[in-house]
Amino acid sequence: MADLEGNASAKTFHPDVPAVAFTHNIRGAGNLDWGMQNRLARIFDPQTGRTVMLAFDHGYFQGPTSGLERIDLNIAPLAEHADALMGTRGALRSSIPPATRAGLVLRASGGPSILKELSDEYTAMAMDDAVRINADAVAVQVFVGGEHESRSIRNLTTLVDKGYGVGLPVLGVTAVGKELTRDARYLGLATRIIAELGAQIVKTYYCDDGFEDVVAGCPVPVIMAGGRKLPELEALTMASNAVRAGAAGVDMGRNIFQSPSPAAMIRAVRAVVHQDLDPADAYELYREATDAKALA
Ligand code: R5P
């Protein structure tokens, strides 16, 4: 208990100063509860309102992906460069240091492996466990137009309800199957459905035509998914185009951890996302860091 002696008697209430209205720049989040906003602010940099998320959840359906053979060696050293990590609870518990300062987004849907029909997913973890891990969000795949569309929507809405119970946001991911196109019409449909059904963040692929309309039509932050491995300059250009079209950042996996120099690549991605650096200049940063490492 504080010592009752020696308190200064003067009090300053500033009666003429209106209460400070704290706001942040995370789209659609202004009416969420404090805890949910706090968790979102651990994913999105409060200065830029954007995020560089590092995805390494591929093993949940495709096993030991190239570049992820040893998450403790491949990913843990990159965590300091990421605003948030996106992985499975198994990978986090076994291979990521609990002292990491990065935000945590936990993969929460799963089921089929690459040997089966991928859209046949269920909710794959309990919200209690996300809280126990101290996650900042959970991620669920949504197969709009897919064979198991309604079930994947139910996976999403169940997690959203449970997330509100504990103040934990949900990241809805637009899944694109073989039969679904990645054009603005489809992505606009899928992102809007996911947001309207309650996801506080949506992740989707970039499309060359009309991506700004996809983002504008989605009332919550849209994060660009990385997709297949591209040459570094192309990946940086895609990330730059996405944030300049309004995306609130990127969630990239293979384009970072399959790069010959993953640390240099994630730093270059950061420059594009947080500083709006031109992709050609960010690529120079990547090359300089890669060359310096080769000479060391
Ligand atoms: C996709 O929704 C899954 O989360 C993927 O495992 C992951 O995000 C893919 O990352 P990338 O396509 O950038 O390698």
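Before reading further, recall that the structure is shown in the block above.
Each chain carries its own residue numbering, running from 1 in the direction its sequence is written. Whole-chain, interface and lining totals are the exception, using all residues; otherwise, since this is a predicted model, local features are given only for residues with pLDDT of at least 70 and side-chain atom pairs are given and counted only at 80 or more. Think of the side-chain values as coming from all heavy atoms in the structure, minus any hydrogens and water.

J.: Explain the overall build of the protein here, please?
T.: Strands here are runs of E lasting at least two residues and helices are runs of H or I lasting at least four, both read from the DSSP assignment and numbered beginning at the N terminus. A tally of helices and strands in the protein yields 12 helices and 10 strands. In terms of overall dimensions, the protein is globule-like: its C-alpha atoms have a radius of gyration of 20 Å, near the 19 Å expected for 296 residues. C-alpha atoms of the protein, sized along the principal axes, occupy 70 × 55 × 40 Å. Looking at the protein residue by residue over its 296 residues, the buried ones come to 52%. Only carbon and sulfur atoms are counted for the fraction: they give 52% of the accessible area of the protein, which is about 14,900 Å². Charge counting follows a simple rule: Lys and Arg are positive, Asp and Glu are negative, and His as well as the terminal groups are ignored. Where a charge sits is defined by one atom per residue type, namely NZ (Lys), CZ (Arg), CG (Asp) or CD (Glu). The average position of the 28 basic charges and that of the 35 acidic charges among the side chains of the protein differ by 5 Å. Between the two quantities, the radius of gyration covers C-alpha atoms and the globule rule is 2.2 Å times the number of residues to the power 0.38. Between buried and exposed lies partly exposed: a residue is buried under 20% and exposed over 50% of the maximum accessible area for its type, with that area taken using a 1.4 Å probe on protein chains only. In short, Shrake-Rupley with a 1.4 Å probe defines the accessible areas, and a residue's cover is counted only from the protein chains shown.

J.: What am I meant to see in the nonpolar core here?
T.: The tendency in soluble globular proteins is for nonpolar side chains to be buried side by side. In plain words, nonpolar cores are sets of buried Ala, Val, Leu, Ile, Met, Phe, Trp, Tyr and Cys residues tied together by side-chain atoms within 4.5 Å. Ranked by internal contacts, the top residues of the largest apolar core, which has 74 residues, are Ile75, Leu85, Val138 and Phe211. When residues in this core are grouped by element, the largest group, 7 residues, is from helix α11 (residues 262-275). Dropping the residues within four chain positions of it, Ile75 is found in contact with Leu54, Phe56, Leu68, Arg70, Ile96 and Phe257. Met53, Ala84, Leu171 and Ile223 belong to the second largest nonpolar core, which has 19 residues in total. Here, residues are in contact when the closest pair of their heavy atoms is within 4.5 Å.

J.: What should I look at first to understand the side chain of His274 in this one?
T.: As for its position among the elements, His274 is in helix α11. Of note is the side chain of His274, whose polar atom sits 2.8 Å from the side chain of Thr48. We define a polar contact as two N or O atoms separated by no more than 3.5 Å, with the added condition that, inside protein, one atom must be a possible hydrogen donor and the other a possible acceptor, whereas residues neighbouring each other in sequence contribute only through side-chain atom pairs. In this structure the side chain of His274 is engaged in a polar contact, spanning 2.7 Å, whose partner is the side chain of Asp83. Every residue in contact with His274, bar those within four places of it in the chain, is listed here: Asp45, Thr48, Arg50, Thr51, Val52 and Asp83.

J.: Got a minute to help me understand the state of the cysteines in this structure?
T.: Simply put, the disulfide is a covalent bond whose two ends are the sulfur atoms of two cysteines. By disulfide we mean two sulfur atoms from cysteines, separated by a distance within 2.5 Å. Under the criterion given, the structure shown has 0 disulfides. In this structure Cys207 is a free cysteine whose sulfur lies 13 Å from that of Cys218, the closest cysteine sulfur available. Overall, Cys218 belongs to the buried group, its relative accessible area being 0%.

J.: Is there a simple way to think about the site of the ligand in this case?
T.: Throughout, the term near means that a residue has one or more heavy atoms lying within 4 Å of the molecule or strand in question. The environment of the ligand is formed by 13 residues, the closest being Asp57, His58, Lys203, Gly253 and Arg254. The contact in question runs from an oxygen atom of the ligand to an N or O atom on the backbone of Gly253, over 2.8 Å. In the complex, 95% of the free accessible area of the ligand, which totals 370 Å², lies under the protein chains. Amino acid classes used here: Ala, Val, Leu, Ile, Met, Phe, Trp, Tyr, Cys and Pro are nonpolar; Asp, Glu, Lys and Arg are charged; the rest, including Gly, are polar. In terms of residue class, the shell around the ligand is built from 4 nonpolar, 5 polar and 4 charged.

J.: How should I be thinking about the packing of helix α9 (residues 232-244) against α11 in this particular structure?
T.: Each pair of packed helices can be described by the angle between their axes along with the distance between the axes. Taken N-terminus to C-terminus, the directions of α9 and α11 make an angle of 30°; their axes are 9 Å apart at the nearest point. Considering their axes alone, α9 and α11 lie roughly parallel with respect to each other. As α9 runs across α11, the sense of the crossing is right-handed. Residue-level inspection shows Glu232, Ala235, Leu236, Ala239, Ser240 and Val243 of α9 in contact with α11, the latter providing Met265, Ala268, Val269, Val272 and Val273. Each residue belonging to the contact of α9 with α11 can be placed in one class, and the counts come to 9 nonpolar, 1 polar and 1 charged. All axes are obtained by fitting lines to C-alpha atoms, using only the stretch in contact for helices, and the reported angles, taken between N-to-C directions, cover 0 to 180 degrees. Angle categories: roughly parallel below 35 degrees, roughly antiparallel above 145, roughly perpendicular from 65 to 115, and oblique for all the rest. Should the near helix be turned anticlockwise from the far one by less than a right angle, the crossing is termed left-handed; should it be turned clockwise, right-handed.

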